[in-house]
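# Structural overview
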Amino acid sequence: MSGEPWWRHAVVYQIYPLSFQDSDGDGYGDLRGIRVRLEYLDWLGVDAIWLSPIYPSPMADFGYDVADYTGVDAVFGTLAEFDALLAEAHARGIRLILDFVPNHSSDRHPWFVESRTARDARRRDWYIWRDPAPGGGPPNNWLSVFGGSAWAYEEATGQYYYHAFLNEQPDLNWRNPAVREAMHGALRFWLDRGVDGFRLDAIWHLIKDERFRDNPPNPAYRPDQPPFFSLLPVYSTDRPEVHDVLAELRRTIDAYADRLLIGEIYLPIERLIAYYGKDLAGLHLPFNFSLIQAAWKAHRLAALVEEYERALPPGGWPNWVLGNHDKHRIATRVGSAQAAVAAMLLLTLRGTPTLYYGDEIGMRDVALPADRVRDPWARDRPAFGRDAARTPMQWDAGAGAGFTEGMPWLPVAEDLEACNVASQRADPSSLLHLYRALIALRRTEPALLSGSYEPVVVSGDALAFRRRHDTRSLLVALNLGGATQRLLLPSGMRGRIALGTRLDRGGERVSAVLTLRGDEGVIVRLE
Ligand code: NOJ
Ligand code: MG
């Protein structure tokens, strides 16, 4: 297995820095806090941490509005503190991946401040400025992901600028070589410091239609969806030229040894896989969000794994994500009892898994009183708010959950007693211990690290697949429902349970019929 890039065998752990660990009592998580918690991440066994943005930011979108691509926001600490975190992570064998937000900057970024001053400003064409439509109004019908027109009018210069997200997040003009050069420079700044890679934000938005054609209506739009989905964003996103830009970014990364390029892309599988690039010269890992978006049904999950496996380009490495800072918590989506089965699925599928902080202890969406809502997306439509999945990490059952000694920026959960790191670390039957055991098994098991994926059976609420490498072979059997399921195994298939979501079946012999209790999963080592 040596010779394969590290990230193929890695487990990635996403940290939302504002909510992981506060070290100075201001109620916001910070870099020193993360450094203090490296011991935990080491114990858990993750190979890499990905930090959501830590750059200077007015925090209109909590760091996804960057005012300086080569600095650290004071709320998180200093560049020196970042270097200390990176050094200590590396000393523990943990890699560090930064979030990079190329599609848009903050409206306070000096580039935009300059760009908006005049039509002939030096950096005018670093952003996307257009005249009003002939009859007045925005240049076209494009919508912002967060609602409303994606165009903001500037009285001073009589033009609109484009923003795929908030008004405070003007889109950069990636057709401008000067912008590309500046952004590559920012990447090199961090690569030179030793970061191990980047997760590129909103990467399918990067290039817009050269002719700014109107987006067509979406016939499948449902009113419970954000208004953005009322149009098909075929001209504002996923344009063919984006792949040239990504190939260029990849060349910058490849000038350094062993770095990783991940991209955030919400597209159907057949479009997603294009982001591996021609001859795999694009992203190493275009994030695969199919588990986040799918109905939690055995036949559905089995079908989507097969669809993804089939669609991958030759040599393209798969990856799986169960949760992130934009979606409801997995334990809320599938229920607390099922969270263990979801963990087993995530960590036994073929490819690199990404965990979201707190999911390993089964953190759930936290209900927020109206006066604690922070996410700008929730301003008009509370239902779209993402705060519930961004609440402080639950380290212990104390007042600030072990997260802060001050007033936490988002409220801590009420089920703290049952759901915190300290108590689960002391309890071998906890979800946390299951995550740790699954990660440990992956580490040493070639069938999981690089074995093939073979569907075996789907029946009722249960599904089973096989992972095989040379003579090593594992059967993963998962019950996605609450009732007992009996799985008929192919004739001759037998083995012993190596790991179960519950502790009482270790070593049990299995052949012919595998009975799974409700919300149970087992990994069987096959003979
Ligand atoms: C995707 C990020 O994950 C999300 O949190 C953010 O609001 C948008 N991109 C805009 O940067
Ligand atoms: Mg702090």
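Note that this is a predicted model, so its numbers are computed, not measured.

Here we come to the coordination of the magnesium ion (ligand 2). Within the protein, the magnesium ion (ligand 2) binds to Asp22 (OD), Asp24 (OD), Asp26 (OD), Tyr28 (O) and Asp30 (OD); these donor distances fall in the range 2.2 to 2.3 Å. Mapping the donors of the magnesium ion (ligand 2) onto the primary sequence yields the spacing D-x1-D-x1-D-x1-Y-x1-D. In this pair, the class of Asp22 matches that of Asp30, namely buried.

Here we come to the pairing of strand 16 (residues 494–500). Pairing analysis gives three bridges linking strand 16 to strand 17 (residues 509–511), with the strands arranged antiparallel. Note on strand 17: the bridge partner recorded for Arg496 is Arg509. Bridging between strand 16 and strand 19 (residues 521–526) involves five bridges; their strand directions are antiparallel. Residue pairing in the sheet places Gly500 in a bridge with Val522 of strand 19.

Moving on, we come to the confidence of the model for the chain. Residues of the chain with pLDDT of at least 70 account for 100%, and the chain-wide mean is 97. When mean pLDDT is taken per element in the chain, strand 1 (residues 12–15) scores highest with 99 and helix 8 (residues 290–293) scores lowest with 95.

The next subject is the side chain of Asn420. With respect to the secondary-structure elements, Asn420 resides in the loop between strand 11 (352–356) and helix 12 (421–425). The buried category is assigned to Asn420, whose relative accessible area is 3%. Reaching out from Asn420, the side chain makes a polar contact with the backbone oxygen of Leu416 at a distance of 3.0 Å. Among the polar contacts listed, one links the side chain of Asn420 to the backbone nitrogen of Ser423, at a separation of 2.9 Å. Once residues lying within four places of it in the same chain are set aside, the contact partners of Asn420 are Ile361, Gln394, Trp395, Asp396 and Ala397.

Attention now goes to helix 5 (residues 177–193). Here helix 5 contains 17 residues, and its C-alpha end-to-end distance of 25 Å stays within 8% of the 24 Å for a straight helix at 1.5 Å per residue. Of the residues making up helix 5, those classed as buried are Val179, Arg180, Met183, His184, Ala186, Leu187, Trp190 and Leu191. Down the axis of helix 5, the buried side of the element spans an arc of 155 degrees, and every buried residue falls inside it. Within helix 5, the exposed residues directed more than 90 degrees away from the buried face are Pro177, Glu181 and Asp192. Where helix 5 is buried, its residues meet helix 3 (79–91), strand 3 (95–100), helix 4 (110–115), strand 7 (197–200) and helix 6 (242–254). With a side-chain oxygen lying 2.9 Å from the backbone nitrogen of Ala178, the N-terminal cap of helix 5 falls on Asn176. With its phi angle positive at about 110 degrees, Gly194 sits one or two positions after the end of helix 5.

This brings us to the packing of helix 5 against helix 6. One can describe the packing of helix 5 onto helix 6 by two numbers: an axis separation of 10 Å at closest approach and a directional angle of 30 degrees. Considering their axes alone, helix 5 and helix 6 lie roughly parallel with respect to each other. Remark: the crossing between helix 5 and helix 6 carries right-handed chirality. Between helix 5 and helix 6, the contacting residues are Arg180, His184, Leu187, Arg188 and Leu191 on the first element and Glu248, Leu249, Thr252 and Ile253 on the second.

It helps to recall that an α-helix has 3.6 residues per turn; residues three or four apart then point in one direction. The first and last C-alpha atoms of helix 13 (residues 431–444) sit 20 Å apart over 14 residues, in line with the 20 Å expected at 1.5 Å per residue. Every buried residue of helix 13 is listed here: Leu431, Leu432, His433, Leu434, Tyr435, Leu438, Ile439, Leu441 and Arg442.

The next thing to look at is unusual backbone geometry. Phi angles above zero are rare outside glycine, and Phe212 is one such case at about 55 degrees. By the element assignment, Phe212 lies in the loop between strand 7 and helix 6. For Phe212, a relative accessible area of 16% corresponds to the buried category. Of note in the backbone geometry, Asp519 takes a positive phi value of approximately 55 degrees without being a glycine. Looking at the element boundaries, Asp519 is found in the loop between strand 18 (513–516) and strand 19.

The rules we used
- Within any chain, residue numbers begin from 1 and follow the written order of that chain's sequence.
- Whichever chain is written first is A, and whichever ligand is written first is 1; the rest continue in order.
- In keeping with the model being predicted, local features are shown solely for residues with a pLDDT of at least 70 and side-chain atom pairs are shown and tallied solely at 80 or more, while totals for entire chains, interfaces and linings include all residues.
- Only hydrogens and water are set aside when side-chain values are computed; all heavy atoms of the structure are taken into account.
- Coordinating N, O and S atoms are those within 2.8 Å of the metal (3.2 Å for Na, K and Ca), and as water is not part of the atoms, a site may appear to have fewer donors than expected.
- A simple rule labels every residue: compare its accessible area, found with a 1.4 Å probe on the protein chains alone, to the largest value its type can have, and call it buried under 20%, exposed over 50%, or partly exposed in between.
- A pair of strands is considered paired only if DSSP assigns at least 2 bridges between the two.
- Only DSSP runs of H or I covering at least 4 residues are called helices, and only runs of E covering at least 2 are called strands; the numbering of each starts at the N terminus.
- On a scale of 0 to 100, pLDDT captures the predictor's confidence in every residue.
- Under this definition, polar contacts are N or O atom pairs within 3.5 Å; protein pairs additionally need one hydrogen-donor-capable and one acceptor-capable atom, and for neighbouring residues in sequence, both atoms have to be side-chain atoms.
- Any pair of residues with heavy atoms lying within 4.5 Å of one another is described as a contacting pair.
- By definition here, a helix of n residues has an expected span of 1.5 Å times n minus one.
- What the arc covers is the set of directions going from the helix axis to the C-beta atoms.
- The axes are straight lines fitted to the C-alpha atoms, using for helices just the contacting stretch, and the angles between their N-to-C directions are given from 0 to 180°.
- Note that the term roughly parallel is reserved for angles under 35 degrees, roughly antiparallel for angles over 145, roughly perpendicular for angles of 65 to 115, and oblique for everything else.
- Each helix crossing is assigned a hand: it is left-handed if the near helix lies turned anticlockwise from the far helix by less than a right angle, otherwise right-handed if that turn is clockwise.

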